[in-house]
Amino acid sequence: MSIATIADNVRAGGRLNRAEALDLYLNAPTSLLGALADEARARRHPEGIVTYIIDRNVNYTNVCVARCSFCAFYRPVGSDDGYVLGFEEIFRKIDETIALGGGQLLLQGGHNPDLPLDWYEDLFRAVKQRYPAFRLHALSPPEVIHLSRLSRLEVPQVIDRLVAAGLDSIPGGGAEILVDRVRKILNCYGKATADEWLDVMRHAHGARLRTTATMMYGTIETVEERLEHLFRLRDLQDETGGFTAFIAWSYQPEHTELGGSEATGVEYLRTLAIARLVLDNFDNLQASWVTQGGKVGQLSLAFGANDMGSVMIEENVVRAAGAAYCMDEIEIVRNIENAGFMPKRRNMHYEILGDPVFRERSLPRMLELAVARADGDTSRPPEIVRYAARSAAEKKARLTGH
Ligand code: SF4
């Protein structure tokens with residue numbers, strides 16, 4: 001089938017199969033791919049609104065036993081640079097988020113063997129007690145699996161307990177590429193196989209939680225494997241309808257064990273566009289300005305994205321691998337309006353909350369993203385001793401006091 005025929009079928013509302021998607025991805029001119037994705041976006045969002053959320057990306061610990069080869073963020077157990085945030089530190093971050101108009105934390109972290117399930121439950125309960133309306137978008141599928149192994153409870157039980165403690169939704173992190181050949185090479189097969197990742201989302205959707213889905217592309221996967229990832233997400237979405245959004249970002253190679261180079265902006269835009277076309281059952285696609293910068297982030301709105309993601313406030317993971325873009329609400333809104341769209345604030349469920357906050361009241365400019373911890377701060381949270389230590393390093397630290 002020619003590219004023109006596939007394009008006509010897409011325009012007529014036809015569903016792409018794997019061979020057609022591959023042909024388009026490999027051979028369609030970037031302008032055509034963008035136009036098809038933009039038309040698909042406009043059919044789903046004809047009102048010309050581009051949304052964004054004000055939330056804060058908090059990484060509660062960088063200690064991780066998974067050791068994925070593409071990750072520059074984690075520190076091994078016992079490392080001098082390892083940290084766990086205290087409950088009071090997290091409350092301070094929530095206070096700052098609320099002051100900037102935000103209503104949610106995106107809470108993710110390493111697989112720390114010294115944080116048992118009850119640490120998470122106590123934290124969630126404490127957050128909800130202090131801030132009843134504040135939302136917790138927390139714990140990607142590999143973290144849920146880690147907690148299931150640590151607690152020797154099945155995944156559905158872990159999800160039920162987290163929901164009872166205050167979990168509102170699950171972020172789609174840790175998906176990388178949902179093909180086990182790739183996951184084995186990237187050393188992330190052990191933290192979650194492709195089926196295990198999808199199963200956590202299946203259970204979460206069954207428990208009436210909404211979740212997002214992500215893809216980190218640009219390591220060692222083939223183009224066919226990228227598409228396989230998208231088709232596996234499309235299949236699960238057909239089954240459950242529980243995904244609110246899809247977010248693709250390119251692998252950031254600096255300071256990682258895997259090394260290599262970063263995919264280009266054109267490759268990002270082509271990947272985003274093909275995702276909009278394959279994921280015909282996803283309402284929302286986010287622009288990943290955090291990895292691509294504001295300018296490509298803005299261009300994403302012509303390649304299928306209808307959402308500018310988050311006013312990040314804080315970011316630690318991508319920054320550790322060399323990307324350090326920052327846009328506050330004023331900057332995000334400027335990018336949306338100059339691209340010809342109407343900016344609206346939303347929550348995680350993509351319900352519109354209103355117009356930009358900075359037009360209603362004055363906000364401090366945010367020209368730099370915050371970090372989890374100030375450099376040199378090696379403090380240990382006081383409540384950590386309430387929870388059973390599992391690692392030899394943590395047991396020793398408790399005996400010696402550091
Ligand atoms: S990507 Fe996540 S699970 Fe993998 S090493 Fe980094 S922090 Fe750990």
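Conventions we followed
- Residues numbered from 1 in each chain as written.
- Predicted model: local features only at pLDDT ≥ 70, side-chain atom pairs only at ≥ 80, totals over all residues.
- Heavy atoms only, no water.
- Phe/Tyr/Trp six-rings, centres within 6.5 Å; stacked < 30°, edge-to-face > 60°.
- Helix = DSSP H or I, 4+ residues; strand = E, 2+ residues; numbered from the N terminus.
- Buried < 20%, exposed > 50% of the residue type's maximum accessible area, 1.4 Å probe, protein only.
- Lys NZ or Arg CZ within 6 Å of the ring centre and 35° of its normal.
- Arc of directions from axis to C-beta.
- Contact = heavy atoms within 4.5 Å.
- Salt bridge = Lys/Arg side-chain N within 4 Å of Asp/Glu carboxyl O.

Digging into the packing of aromatic side chains
1) Next: Using the criterion set out here, one finds nine aromatic pairs in the structure.
2) Next: Each ring, one from tyrosine 60 and one from tyrosine 120, has its centre 5.4 Å from the other, and the planes form 85 degrees; the classification is edge-to-face. A residue pair is termed long-range when its members are at least 10 positions apart, and tyrosine 60 in the loop between β2 (56-59) and α4 (87-99) and tyrosine 120 in helix α5 (residues 117-130) qualify at 60 residues.
3) Next: Exposure remark for tyrosine 60: the relative accessible area of 1% places this residue in the buried category.
4) Next: On the basis of relative accessibility, which here comes to 1%, the residue tyrosine 120 falls in the buried class.
5) Next: Taken together, Tyr60, Phe87, Trp119 and Tyr120 form an aromatic cluster joined through their ring pairs.
6) Next: Of note, lysine 184 hangs over the ring of tyrosine 189, and the distance from its end group to the ring centre comes to 4.7 Å.
7) Next: Over the face of the ring belonging to tyrosine 350 we find arginine 346, whose NZ or CZ atom lies 3.8 Å from the ring centre.

As for helix α1 (residues 3-11)
Along an α-helix, a turn takes 3.6 residues, which lines up residues three or four apart on a common side.
1) Next: Turning to α1, its buried residues number three or more, namely Ile3, Ile6, Ala7 and Val10. The buried residues of α1 occupy an angular sector of 100 degrees when the element is viewed end-on, so they sit on one face.
2) Next: Looking at the buried side of α1, the elements it contacts are α2 (18-27), α3 (30-44) and α11 (265-278).

Remarks on the pattern of salt bridges
1) Next: Scanning the model with the defined rule gives 26 salt bridges in all.
2) Next: Aspartate 283 is the salt-bridge partner of arginine 44, the closest N and O atoms lying 2.3 Å from each other. With a gap of 239 residues between them, arginine 44 in helix α3 and aspartate 283 in the loop between α11 and β8 (284-286) connect regions that are remote in the sequence.
3) Next: Residue aspartate 283 is classed as partly exposed on the basis of its relative accessible area of 38%.
4) Next: The residue arginine 125 makes a salt bridge to aspartate 122 at a minimum N-O spacing of 3.7 Å. Taken together, the residues span about one helical turn, with arginine 125 and aspartate 122 both in helix α5 at a distance of three residues.
5) Next: By relative accessible area, which is 42% here, arginine 125 ends up partly exposed.
6) Next: When salt bridges with common partners are traced through the structure, they connect Arg15, Asp238 and Asp280 into a single cluster.

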